[in-house]
Amino acid sequence: MSGDGDRSRHRSSHWPSLEKRPSSPISFGRRLTRKHYCVGLAVLLVIMLFLANPYHPLVDVHRLKSSTGSSESQPHIVSVSLPTSSPTAKVSSSQATNAVEPKPESSQKQQQEEEEKEKNSAEKPTEKQESQEDGNSKPQEKKPADEPNPEPEEPAEKAAADSSTDGKPNTAPADADYCTTWPVEAKVPYKPKPKPKPAQALQLDSYGPPGGWRKPSGVKAVAMVFYGRKRNVDILDCYLRQNLASNGGYLDEVWFMVHTEVKDDVDWLRDMAKHVPGYKFVDLGPCTTEPYGCIWEYAVEDDTIYIKIDDDILYIHHDAIPQLIHTRLAQPHPYAVSAQLVNSPVTGLQQYHYGAIHPFLPDPKPRAYRAAAESWRPSEYGLYPPATRPLDGNPLDVAPSYSGHPWLLLSNSSRDSVALRRTPMASWNGDPGPDPIAFGPAWKSWGAAAQQLYSLLRNLEENRMDRYHFGRALDYTSANETSSSSSSSGSSSSSSKKYEGPGGEALYDMQYERYNLNFVAVWGRDVAAGLPIHDDELEITAEIPARLGRPFVIDTRAVVAHQSFFTQRDGIGRTDLMDRWRAFANENVCAADNQKTPWDLRCEGY
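Please read all numbers here as calculations on a predicted model, not as lab measurements.

Reading the values: rules and limits
Note on numbering: residues in each chain are counted from 1, in written sequence order. Confidence filtering applies because this is a predicted model: local features only for residues at pLDDT of at least 70, side-chain atom pairs given and counted only at 80 or more, and all residues used for totals across whole chains, interfaces and linings. The basis for every side-chain value is the complete set of heavy atoms in the structure, and neither hydrogens nor water enter the calculation. Note on conventions: DSSP H or I runs of at least 4 residues are helices, E runs of at least 2 residues are strands, and numbering of each starts at the N terminus. Working definition: with a 1.4 Å probe on protein chains only, accessible area under 20% of the residue-type maximum means buried, over 50% means exposed, and in between means partly exposed. Two residues form a contact once any of their heavy atoms are found within 4.5 Å. Within this scheme, the nonpolar core is defined by two criteria: the residues are buried Ala, Val, Leu, Ile, Met, Phe, Trp, Tyr or Cys, and they are joined through side-chain atoms within 4.5 Å. Axes here refer to lines fitted to C-alpha atoms; in helices the fit is confined to the stretch in contact. Angles between the N-to-C directions go from 0 to 180 degrees. We call two directions roughly parallel when the angle between them is under 35 degrees, roughly antiparallel when it is over 145, roughly perpendicular when it lies between 65 and 115, and oblique otherwise. Each crossing gets its hand from how the near helix is turned against the far one by less than a right angle, where anticlockwise is left-handed and clockwise is right-handed. Strand pairing is assigned whenever DSSP identifies at least 2 bridges connecting the two strands. Call a crossover right-handed when, viewed with both strands pointing away from you, the route from the first strand across the helix to the second goes clockwise. Any pair of cysteine sulfurs within 2.5 Å is marked as a disulfide.

Draft legend 1. Seen up close, the overall build of the protein. A tally of helices and strands in the protein yields 22 helices and 13 strands. Across the 606 residues in the protein, those meeting the buried criterion constitute 47%. In the protein, 83% of the contacts between residues at least 6 apart in sequence involve partners at least 24 apart.

This is the structure in structure tokens:
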């Protein structure tokens, strides 16, 4: 600042005669010299350069004020809308206080010095930046050599207020397969928001026995993850670690059955698995490209309970795995025990009638208008606009909205059952169609899937997971007593005494109809008795149970979220559900040193 003052005093010393002498045009013209003309021309050139520079701070100030229409007395403004020719970005209210203030007006010389400094710093990236570009397993947009480095004092989680100086946006292309609604930046590694304080954390009830869950001695449990997609398993990883026996859970090992040849997915998993004790990377060899039935040939150890988990399970209730294992022990007669899936054509209708489904519809706005933020709670998004007319046509066939769109509640009253009639689930309930239920409308409809999953988020927020517990205790005692072999009865060769403990309190018998094989507990000896297996879902849930006279049951207390069937994938992929499940896991499940971040750039408009 002292330099500016010296130059100001120096400039004023050239004009003493103009300040003290008469201002007659004739006398003034006589006193003009070549020096005066040169100084005037220089001033004119400075003004022209000033006006022609699109990155001058005053232009940023003008954009900020004109786009927000706010003043210093309105700190609640949370977004910045840029001109249509520039990428759109928004800033959350918690980040607005961290925004960098516009730089004050400087002289031409200062501006040139700053530009030269930025240019030099771009030509020599720091060691930290080089390591981020070369060593980060998640794709980061690569920075060209002439791109200036970000300000070091700027927080990593601050949402970008404009495109980068080289024209590269923070938003994903409109035709991108994936994008995120979190405030990521193309150039800055993302830092998730801190975990809430204990008093503010979500409190979820457990339905375990008094004193909590305790793994029975002598029982080996192995999770088999049918693996193919790192984006899903990155979130699932937190739940698997939570349930490892080494962390106080029930899983002795987690096997990742690698059923993909996509190098990026394979390399990511191989690296992740070698750093987690209890994780096992299983190369399936020729089975990698064959139907899933051949994977079951690995699950044949007699006294081991295998829990098959699909890689698109993005939520596991903390009771689910202990509940399944105890039910497997308490009820040896059923052939296999499944978790209750949220997003299933079978249990979805039961959830609808027992009050677990809520009236959600997709955001009716044609484009994104919310600030990019980490959030999973439905209450933070408000209600569906009341003046919006009902969906055109069958709600089951609703067209996906903009990328990263949420679904909104029509009503937050549990008594407003009329609102539920406007939704995809109500349409399915009224017309289940001619197909078998496993392949009916809800299997095909992404809308039915979305409504079930957003309903689960609301039930979690309200701590009302009991809405899913519609099963009841089923008595298979006579079947156990009359069974002629340990194989058919499911009794363990190593357990001569009767099991006494929790499990089997809320079962739902499938009566030999096909169910989805996304999360199932089964004894290894029962798998071995049914080999070879070809169509594993049909055979394990229906055909083998019917042949043995041992039903396939669902434990309705073991609740998990299944993201999508392949028939639903495109529509579900345009929602913000992946971001919501990541936010939920970070807040409630993932360890502080295992917080998850998005893989992609922001969805357009966020």
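Draft legend 2. The arrangement of the nonpolar core in detail. Within the largest apolar cluster, 108 residues are counted, with the highest numbers of intra-cluster contacts made by W296, L456, F519 and W581. In this structure, I357, M425, A426 and A448 belong to the second largest nonpolar core, which totals 10 residues.

Draft legend 3. Layout of the packing of helix α16 (residues 446-461) against helix α22 (residues 577-588). It is the contact of α16 with α22, at a shortest axis distance of 12 Å, that shows an interaxial angle of 25 degrees. With respect to each other, α16 and α22 are oriented roughly parallel. When you trace α16 past α22, the crossing you get is left-handed. Residue-level inspection shows A450, L453, Y454, L456, L457 and L460 of α16 in contact with α22, the latter providing L577, R580, W581 and F584.

Draft legend 4. Representation of the pairing of strand β3 (residues 220-227) in the model. The element β3 is largely enclosed, with a buried count of 7 among its 8 residues. Where β3 meets strand β4 (residues 253-258), 6 bridges bridge the pair, whose relative direction is parallel. In the strand pairing of β4, V222 is matched with E253. At this point the chain moves from β3, through helix α9 (residues 230-242), to the parallel β4, and the crossover so formed is right-handed.

Draft legend 5. Region of the structure containing the state of the cysteines. Enumeration over the complete set of coordinates arrives at 3 disulfides. C179 shares a disulfide with C603; S-S distance 2.0 Å. Looking down the S-S bond of the C179 and C603 bridge, the torsion is 90 degrees, so its handedness is right-handed. Of this pair, C179 sits in the loop between α8 (127-135) and β3 while C603 sits in the segment after α22; the two residues are 424 residues apart in sequence, bridging distant segments of the chain. Assessed through its relative accessible area of 24%, C179 is described here as partly exposed. Across the disulfide, C238 is cross-linked to C590 (sulfur-sulfur distance 2.0 Å). Taking the sign of the S-S torsion, 100 degrees for the link of C238 and C590, the bridge is right-handed. In this pair, C238 sits in helix α9 while C590 sits in the segment after α22, placing the two residues 352 residues apart along the sequence. Take C590: its relative accessible area is 2%, and that puts it in the buried class. If the cysteines joined by disulfides in the protein are listed in sequence order, their pairing comes out as 1-6, 2-5, 3-4.

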